[in-house]
Protein chains: 4
Amino acid sequence: MHFLQIPGPTNVPERVLRAMDRPVVDHRGDRLPAVVHEIRRRLRGVFGTAAAEVLLWSGSAAWESALVNTLRAGDRVLSFNNGLFAEKFVEVARRFGVVVDEVQKRWGDAVLASDVDAALRADHRALLIVHNETSTGVTTDLAGVRAAIDAGGHDPLLLVDAVSSLGSLPFRFDEWRVDVALTGSQKGLMMPPGLAILCVSERALRAATAVDTPRYFHDWGPVVAALAQGYSPATPPTLEFYGLREALRMLDEEGLDAVYARHARLGEGVRRAVAAWDRQLLCHDLERCSNSLTAVWLDDLDANQLLRITASRLELDLGGGLGRLNGRVFRMGHLGALNELEVLAMLGGVEMGLALAGAPVDLGRGVAAAQAHFVQSPA
Amino acid sequence: MHFLQIPGPTNVPERVLRAMDRPVVDHRGDRLPAVVHEIRRRLRGVFGTAAAEVLLWSGSAAWESALVNTLRAGDRVLSFNNGLFAEKFVEVARRFGVVVDEVQKRWGDAVLASDVDAALRADHRALLIVHNETSTGVTTDLAGVRAAIDAGGHDPLLLVDAVSSLGSLPFRFDEWRVDVALTGSQKGLMMPPGLAILCVSERALRAATAVDTPRYFHDWGPVVAALAQGYSPATPPTLEFYGLREALRMLDEEGLDAVYARHARLGEGVRRAVAAWDRQLLCHDLERCSNSLTAVWLDDLDANQLLRITASRLELDLGGGLGRLNGRVFRMGHLGALNELEVLAMLGGVEMGLALAGAPVDLGRGVAAAQAHFVQSPA
Amino acid sequence: MHFLQIPGPTNVPERVLRAMDRPVVDHRGDRLPAVVHEIRRRLRGVFGTAAAEVLLWSGSAAWESALVNTLRAGDRVLSFNNGLFAEKFVEVARRFGVVVDEVQKRWGDAVLASDVDAALRADHRALLIVHNETSTGVTTDLAGVRAAIDAGGHDPLLLVDAVSSLGSLPFRFDEWRVDVALTGSQKGLMMPPGLAILCVSERALRAATAVDTPRYFHDWGPVVAALAQGYSPATPPTLEFYGLREALRMLDEEGLDAVYARHARLGEGVRRAVAAWDRQLLCHDLERCSNSLTAVWLDDLDANQLLRITASRLELDLGGGLGRLNGRVFRMGHLGALNELEVLAMLGGVEMGLALAGAPVDLGRGVAAAQAHFVQSPA
Amino acid sequence: MHFLQIPGPTNVPERVLRAMDRPVVDHRGDRLPAVVHEIRRRLRGVFGTAAAEVLLWSGSAAWESALVNTLRAGDRVLSFNNGLFAEKFVEVARRFGVVVDEVQKRWGDAVLASDVDAALRADHRALLIVHNETSTGVTTDLAGVRAAIDAGGHDPLLLVDAVSSLGSLPFRFDEWRVDVALTGSQKGLMMPPGLAILCVSERALRAATAVDTPRYFHDWGPVVAALAQGYSPATPPTLEFYGLREALRMLDEEGLDAVYARHARLGEGVRRAVAAWDRQLLCHDLERCSNSLTAVWLDDLDANQLLRITASRLELDLGGGLGRLNGRVFRMGHLGALNELEVLAMLGGVEMGLALAGAPVDLGRGVAAAQAHFVQSPA
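So, here is what we can say about the structure in this document. (Residues numbered from 1 in each chain as written. Chains lettered and ligands numbered in written order. Predicted model: local features only at pLDDT ≥ 70, side-chain atom pairs only at ≥ 80, totals over all residues. Heavy atoms only, no water.)

1. Focus on the sheet that holds strand β3 (residues 76–81) of chain C
All names here are of chain C.
Then step 1. The strand order across the open sheet built from seven strands is β2-β10-β9-β8-β5-β3-β4, with neighbouring strands paired in mixed fashion. Edge positions in the sheet fall to β2 (53–58) and β4 (99–104), since each of these pairs with one other strand and no more. Each neighbouring strand pair of the sheet contributes to a mean axis angle of 20 degrees, computed without reference to strand direction.
Then step 2. Direction of pairing for strand β5 (residues 126–130) relative to strand β8 (residues 157–161): parallel, over a ladder of five bridges. When the bridges of β8 are listed, Ala126 appears paired with Leu157.
Then step 3. Where helix α9 (residues 238–254) meets the sheet, its contacts fall on β2 and β10 (195–200), and the angle it forms with β10 comes to roughly 60 degrees. (Pairing = 2+ DSSP bridges. Helix = DSSP H or I, 4+ residues; strand = E, 2+ residues; numbered from the N terminus. Axes fitted to C-alpha atoms, helices over the stretch in contact; angles between N-to-C directions. Contact = heavy atoms within 4.5 Å.)

2. Some words on unusual backbone geometry
Residues other than glycine predominantly adopt negative phi, and peptide bonds predominantly adopt the trans conformation.
All names here are of chain A.
Then step 1. Geometrically, the link from Gly8 to Pro9 is a cis peptide bond, its omega value of 0 degrees lying close to zero.
Then step 2. By the secondary structure assignment, Pro9 is in the loop between β1 (3–5) and α1 (14–20).
Then step 3. Here the phi dihedral of Met190 falls at roughly 65 degrees; this positive angle occurs in a residue that is not glycine.
Then step 4. Within the secondary structure, Met190 is located in the loop between β9 (180–184) and β10 (195–200).

3. Some points on the interface of chain A and chain C
How big an interface is tends to be reported as the loss of accessible area on association of its parts.
Then step 1. Counting from both sides, the interface comprises five residues of chain A and, opposite them, five residues of chain C.
Then step 2. At the boundary of chain A with chain C, total buried surface from both sides reaches about 420 Å², with 53% on carbon and sulfur atoms.
Then step 3. Counting every contact that joins chain A to chain C gives two salt bridges.
Then step 4. One can count two residue pairs in polar contact (both at pLDDT 80 or more) joining chain A with chain C.
Then step 5. Here the residues of the side of chain A that touches chain C are counted per class, giving one nonpolar, no polar and four charged. (Buried area = accessible area lost by both parts, 1.4 Å probe. Salt bridge = Lys/Arg side-chain N within 4 Å of Asp/Glu carboxyl O. Polar contact = N/O pair within 3.5 Å; in protein donor to acceptor, adjacent residues only side chain to side chain. Nonpolar A, V, L, I, M, F, W, Y, C, P; charged D, E, K, R; others polar.)

4. Notes on the relation of the copies chain A and chain C
Then step 1. Each copy of the sequence occupies a distinct position, and chain A is placed on chain C by a rotation of 180 degrees and an axial shift of 0.0 Å, giving an RMSD of 0.0 Å. Within this description, the copies of the chain are treated as partners about a two-fold rotation axis. Relative to the rotation axis, the closest C-alpha in chain A is found at Arg18 of chain A, a distance of 2.9 Å.
Then step 2. Comparing contact sets, 100% of the residues at the interface of chain A also lie at the interface in chain C, consistent with an isologous, same-surface contact. (Least-squares fit on C-alpha atoms with pLDDT ≥ 70 in both.)

5. Things to note about the pattern of salt bridges
Then step 1. Considering all chains together, one arrives at 136 salt bridges over all chains under this definition.
Then step 2. The partner of Arg313 of chain C in a salt bridge is Glu340 of chain B, and the shortest N-O contact between them spans 2.6 Å. On the criterion of chain membership, the pair formed by Arg313 of chain C in helix α11 (residues 303–314) and Glu340 of chain B in helix α12 (residues 340–356) is interchain, its members lying in two chains.
Then step 3. For Arg42 of chain D, the salt bridge identified is with Glu38 of chain D, shortest N-O distance 2.9 Å. One end of the pair, Arg42 of chain D, and the other, Glu38 of chain D, are both in helix α2 (residues 32–47), four residues apart, so they sit about a helical turn from each other. Judged on exposure class, the residue Arg42 of chain D and its partner Glu38 of chain D are both buried.
Then step 4. The structure contains a network of salt bridges with shared partners spanning Glu14 and Arg18 of chain A, Asp21 of chain B, Asp21 of chain C together with Glu14 and Arg18 of chain D. (Buried < 20%, exposed > 50% of the residue type's maximum accessible area, 1.4 Å probe, protein only.)

6. Brief notes about the pairing of strand β13 (residues 329–333) of chain A
All names here are of chain A.
Then step 1. With five of its five residues buried, β13 lies for the most part within the structure.
Then step 2. Side-chain alternation along β13 places Val329, Arg331 and Gly333 on one buried face and Phe330 and Met332 on a second face that is also buried.
Then step 3. Pairing geometry for strand β11 (residues 293–297) and β13, over five bridges, is antiparallel. Within β13, the position partnered with Val296 by the bridge is Phe330.

See the structure below:
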């Protein structure tokens, strides 16, 4: 078996693959709407919203979709660069003429309430936040961010990248008064890549009718209207709808709270293994370390060499360092469909990879640390 | 068995479904590039080009991709409205500020060389053409269009929608000197919907570096660079790549010429059935009738009623009339993975559907006409 | 698409294939029993029994299983040779030393109550009957057989081959007081071949403990004991259990009466097509013609030539004449997962095959006869 | 992911599942023979024979098939009871009236050349041997057995149960002059359960025509004749043939020697883990310990309790003690499609299971021992 332990795309459960392995349906026929309606109902639960609009569309263009429907060229927004995906989110905004006040942070730190408090201004039309930085393994406390916004008395649109958090980490769209939360199918939702998914507040929908940014494929209006009937404006990825429905049923069967607890248990096991290896996490604040992936510094070894060894010798895919971290960190994904033994296999494989690369490592030590945590923590 | 006889998405062969029913791979790992390279090599054959750039991306946004990379707001282009998809292609262009000279045609007619000759002007930066109008079942002769362009002495970019033609009807990108040909995965390529596929000339690639239309997801630059290495700029729909590879291998095993001949045989069989029913084709010029779908007038019956009957009683999905043709025509898709007996089942089902709807029909007459053609024409 | 219109194995619905396309489970673990229990409960409904023992085992050895558990070498039984499978059932019995009084019948006739009345004797330990002769397309009236047995005052074990009837034609194990009914997975149960399935009366179970015929794999004792717990004596074909469960759920969703009515409608449509072709059925008594397959005489053509043409040119597999009927008849299967349009495709393909073979045929005439029946008969 | 680490059925690779997930084919049509021929050619390679007859049949009745075709009631044979499956093989023989001289051995010991030397007599018509005892994890040296037979000057038929060895451990049918080697699909051949597979010498085929044991389904004659044409006497499990072909292609791609070396590496890793746990193997002679499964004594714990914990808490299925060993040993399967990280996961899971059951265990110690072996042994 191949171990796919990158921070997404994640392993697709057999049930989900099977649900997609079926004849194509008529996308204008009467069988599809029930699927779409069920998906949207279940996704509302995962996003933590009672009534926000949930949009589904093919392609992995959720950032662009979120931005072109809510911002005009010339609008000013606030963002914090604490990782590659935060940086790219800003890049997309700038492509469309948005003026971004980009506050630099160490890659490996979370965005703090105090950061927001210090930087947010009345003319910021939106705040762009990455909930869980996939490049660094850091989770930002969105409840804290919301509190800081409220305390400041401003009211920017809150645009959140939830790509590697939704479905693995708790998300509370309504409680945090998020305006747009965006994700893809291929992370905590346990699907193959290919779908963009957005959750949109009423305020953001109003913005979408007001802004004049040129758009067609990404234009929310026709999507909202079609989805309300269970259809899509053009030909949607119908088979992926069947898969997503099955994945959402699986989350529901396990229970969202159990899913979050499982990720917390797996994440803690991985962090204890890293500590047992005497290696450093990229994330310094243990309270902010991500439960869906873990990035580890490698000073004594080119991280890409480690990845090549685990992939070619052990059938283990790990994530490399992205952008400025390339070669200096490796990332272990532990999100989506994953259990304790798979984490032990991954940790055992990292240990073997380090040994095979000639790096010092006590074989079994990280595995044992994770095992001890798993044995003690209730499943 | 359910008969999906809409003009796409088409039936996905078992082999193709199976090729996608597999664990997700690392999209940055070393297994994916060989798949991507093989796909692009085979797609060049289907597009009929030796060296044009073939782009693959998730989503069904091929129109937008073709336009935002080649045209600026304010550019003037020529188009002919001979069906719903030609009309929509123009709508997308206008969203991005392109000025369109849109010549009205009867829906059901092809674009003729004489149309181009009469309307093309020196300041037309591009000519937008739908090769095979899915709303009407009409194929435009692109060789004739190219000849008319050349005769006129102008040199607009030739942007072609090949959605319901590629892989079913002959396409000659190099010979016709097309600049951008665009399609989706779900028609003649026998895949589920979800992928945008473009074939791009060197001239169009140069245009893409010159125009300043805001874009990120659709921006060709990073896609071209990544695909050259067998990767994609962000997370691509990896499982669909495996499926597309298998579908292209199937086209190759049958042989493109045999594929085109099969569609010609099936299309002629369907047209003879329509004639045997004494009903009218939407397409008046038999030379221009599409071999991938057939649209038929219904004067004595609401076409949507026919569709409801065949879907609910006979497990047969047909295409309805689109836009202004809604309720007045029905469309039979006969593209992609399809053989003679499936066409007989479809025709037999249409006959039964007409009878069940109370419309006059001699049961078996259309089937017999198709059978006679199939028996006489060499397979 | 390939049309598999042999009289079994039949087309396996996608849902059933998907249910089998899954990781192997621990055959001694706690997940399998629920599957087995559900299968046995549902199969009782299909067999028409409240409490008889339903046995499942790998292999296609149901005849042998039925015989070696109920008969001793030297036991005398009655059988009627009205087709190849009736003949083979006897052959198996003779292999194990059973003395068979085999009454010859025309291949194409049913076993009549009067046949039983005339031939059954007090020393016949069992009566062997094929419910639906797959080689000839003839259904024997088991209610009539049971009445004739009762009228005669004897009480042989009633051993019934229900291979091509169960799940397609009504079967009433309890009402007809059958002792063993045997079938395979690959016909009306819509599964791939590979499973033997038996329904066994209490009296037959008692016989199984009394007879001394050497057996191990086929021995009912351990099978009965293990299945009661949801397990099997050795390693069972676990994936096929998942498939069978799904197939039985499908029968239940459609409703057994609706399934039987569908087969009656399809069978009548096929017979009307044969009449429209002016060709002869092998079965002379219309009341006894099978609703799951139809055998047709070919005087003017080698039937095997027709089969070669439809298979190679039309992707249509038909059944040939078996045994002494080889080359002289062809058989059309219309059992299992099948709808009206698939039957039209099959009939249209037979017509084309006859035309391509040079035999006289009015194309479309049989199709039209079937269509007329389908339109008039309520679905 | 569920870890299926019982000593078979083993994990079925995705490629194999996909190869079976396909429409049923006409079992008398012209597409199946090529599949059957390829399977038989490849199986000859796995059995290590140039020309022996390889038989395939549905059902898991290979023992019975081997015995009823080669032995008469009253024939005398020699067997050694060194495990449950050796014991059952004898039980089957006795059911058919064969007289068995059954030599008792400790369960956990191999059959030695000296055992054969001491017990084999001129009137032993056959020697029954289990190559790899699945109940104990012990491999008998068949080359040594053959040498002992030859040295003794007798010439019994050599009937070998290769169920849990074939495809995982080296097998040399011709070199060892085996007469019948039997196996199932669900172990080293990486298929779901359901197929019986036998390799038969010319001498055994001659015996099959001489013996008069009653049989029909198991009778080799019709099977040999049909398989030579690529068919089967009755309806074979066609989809499983496609799966088996794919599995055999996979063995060929990896290379049989590499497959055997992989199993040797995995088996040694497991044994080192057991030693690191300070627990006892059931097999005392390290030279004879099986590379496809390992049985471990549990003195301080009910083995079934361990199995319940690993199954319910860790998604890990292990094998329990069979027969007289029930509750006292557990068995780890490491055959078929398996790599090093999966073995680490299994070992880590056993350690956690022991800890959760309250048994003393140093977490990570066995994992580390296996890792050390894997790092040092070339892959």
